Amino acid sequence: MSLPRFKLVTGATGCVGAHVVDELLRRGHRVRATTRSIAKGEEMRRTRPTAADRLEFVLVGNFAAGCFDEAARGVDGIFHCAAPVATTFENPEQDAIIPAIEGVKAVLSAATQEPDRTPIWVDVRDLAYAHVEALFKPEAGGRRFLVSAPEKFSHQLVADITRREFDWARDIVRMGEEGKPLPPSFKYDGETAGRFFGIEYRSFRECIIDAMRQFREISQRESGE
Ligand SMILES: NC(=O)c1ccc[n+]([C@@H]2O[C@H](COP(=O)([O-])OP(=O)(O)OC[C@H]3O[C@@H](n4cnc5c(N)ncnc54)[C@H](OP(=O)(O)O)[C@@H]3O)[C@@H](O)[C@H]2O)c1
């Protein structure tokens, strides 16, 4: 019996990509992942020992025509999560926009190599669950979704939650202006995606608690505590 085909995840070592990989592995899929650094790929496989036999990495270069052709051969689903991401870009057009467009062109071209496959496009957002659901819901094809939890947040709220929930954080995280109301701002409406994909958006509090726990574990591991 032949093995099921791979799902391809580009940018798999990144924040969104790694979560997409984990969501696919959690559902039992085989994942082919791209990276420009095989060391990062090896580290991801090392830290997922129970699923390492279903996760393989393919080395790719910077975005350019044909860069995903080899990786996409024989796959039956593609999640494009690779993108140049930074807090600031010296030349945003040159360093972020043009490479991102090259990446999308390359992935669409790689996807159409497979004659019986239709590439499905989803707006890349922070919920790996929605990415994976989008592949398995044919009605999602050709549509765009905004995946966003309904709560607003601020850095002050991060500090408040962290200090409230973790004793160790009180000496490290500055109090700031505890309890300061959130400033007025726009918000994204992720309700349609929530309903369509059946997403239970995690609360901001839960998100911060989980992240801080993980940061703490990493810092303790690295300092040998
Ligand atoms: N994280 C979020 O909360 C969030 C929220 C909303 C939207 N997004 C969007 O989701 C996408 C991914 O974000 P992210 O946070 O996962 O970013 P990230 O952590 O920086 O990961 C992006 C990955 O893309 C690859 N990459 C970067 N530049 C590349 C290039 N020039 N050529 C080929 N590969 C390249 C890198 O992988 P290698 O170094 O291994 O090749 C990197 O790990 C972006 O479009 C971002 O705007 C993210």
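If you're wondering where the values come from, they're calculated on a predicted model, not measured in any experiment.

What counts, and at which threshold
- Residues numbered from 1 in each chain as written.
- Predicted model: local features only at pLDDT ≥ 70, side-chain atom pairs only at ≥ 80, totals over all residues.
- Heavy atoms only, no water.
- Salt bridge = Lys/Arg side-chain N within 4 Å of Asp/Glu carboxyl O.
- Helix = DSSP H or I, 4+ residues; strand = E, 2+ residues; numbered from the N terminus.
- Buried < 20%, exposed > 50% of the residue type's maximum accessible area, 1.4 Å probe, protein only.
- Expected span 1.5 Å × (residues − 1).
- Contact = heavy atoms within 4.5 Å.
- Phe/Tyr/Trp six-rings, centres within 6.5 Å; stacked < 30°, edge-to-face > 60°.
- Lys NZ or Arg CZ within 6 Å of the ring centre and 35° of its normal.
- Near = heavy atom within 4 Å.
- Polar contact = N/O pair within 3.5 Å; in protein donor to acceptor, adjacent residues only side chain to side chain.
- Areas by Shrake-Rupley, 256 points an atom, 1.4 Å probe, with all protein chains shown as cover.
- Nonpolar A, V, L, I, M, F, W, Y, C, P; charged D, E, K, R; others polar.
- Domains from an automatic or database assignment.
- Buried area = accessible area lost by both parts, 1.4 Å probe.

The next thing to look at is the pattern of salt bridges. Working definition: two side chains of opposite charge can pair if their charged atoms are close together. In this structure the tally under the stated criterion is 14 salt bridges. Of the charged contacts, one joins Lys 7 and Asp 76 as a salt bridge, the two residues approaching to 2.7 Å between their closest N and O atoms. In this pair, Lys 7 is assigned in strand E1 (residues 6-10) and Asp 76 in the loop between helix H3 (69-72) and strand E4 (78-80), connecting sequence segments 69 residues apart. Lys 7 sits in the buried class, given a relative accessible area of 6%.

Okay, helix H1 (residues 15-26) next. Spanning 12 residues, H1 covers 17 Å between terminal C-alpha atoms, matching the ideal 16 Å at 1.5 Å per step. Among the residues of H1, those classed as buried are Gly 17, Ala 18, Val 20, Val 21, Glu 23, Leu 24 and Leu 25. Close packing links the buried residues of H1 with E1, strand E2 (30-35), helix H2 (38-46), strand E3 (55-59), E4 and helix H5 (128-136). Note on H1: the residue one or two positions beyond its end, Gly 28, has a positive phi of about 90°.

Here we take up the packing of aromatic side chains. Scanning the model with the defined rule gives five aromatic pairs in all. Here the aromatic rings of Phe 145 and Phe 196 are separated by 4.7 Å at their centres, their planes lie at 35°, and the arrangement is tilted. Pair noted here: Phe 145 is in the loop between H5 and helix H6 (155-165) and Phe 196 is in helix H7 (residues 191-197), with a separation of 51 residues, a long-range link. Across the pair, exposure class does not vary: Phe 145 and Phe 196 are buried alike. For the ring pair Phe 196 and Phe 197, a centre distance of 5.0 Å and an interplane angle of 85° mean the geometry is edge-to-face. Assessed through its relative accessible area of 17%, Phe 196 is described here as buried. A network of ring pairs unites the aromatic residues Phe 145, Phe 196 and Phe 197 as a single cluster. Sitting over the face of the ring of Phe 6, Arg 30 holds its NZ or CZ atom 4.1 Å from the ring centroid. Between the NZ or CZ atom of Lys 137 and the centre of the ring of Phe 196, over which it lies, the distance is 5.2 Å.

Let us now look at the site of the ligand. Not every one of the 18 residues close to the ligand is listed here, only the nearest: Thr 13, Val 16, Thr 35, Arg 36 and Lys 40. One of the backbone N or O atoms of Cys 15 is found 2.9 Å from an oxygen atom in the ligand. Take Val 16: an N or O atom from its main chain is 2.8 Å from an oxygen atom of the ligand. Computed on the free molecule, the ligand has an accessible area of 890 Å², of which 73% lies beneath the protein chains in the complex. Here the residues of the shell around the ligand sort into nine nonpolar, six polar and three charged.

Looking now at the domain arrangement of the protein. Under the domain assignment used here, the protein contains domain 1 (6-140) and domain 2 (155-223). For domain 1 and domain 2, the distance between their C-alpha centroids amounts to 26 Å. Taken together, the contact pairs eight residues of domain 1 with five residues of domain 2. Carbon and sulfur atoms make up 79% of the surface buried where domain 1 meets domain 2, a total of about 570 Å² over both sides. Counting every contact that joins domain 1 to domain 2 gives zero salt bridges. Across the contact surface, domain 1 and domain 2 share one residue pair in polar contact (both at pLDDT 80 or more). A class-by-class count of the residues in the side of domain 1 that touches domain 2 yields five nonpolar, no polar and three charged.

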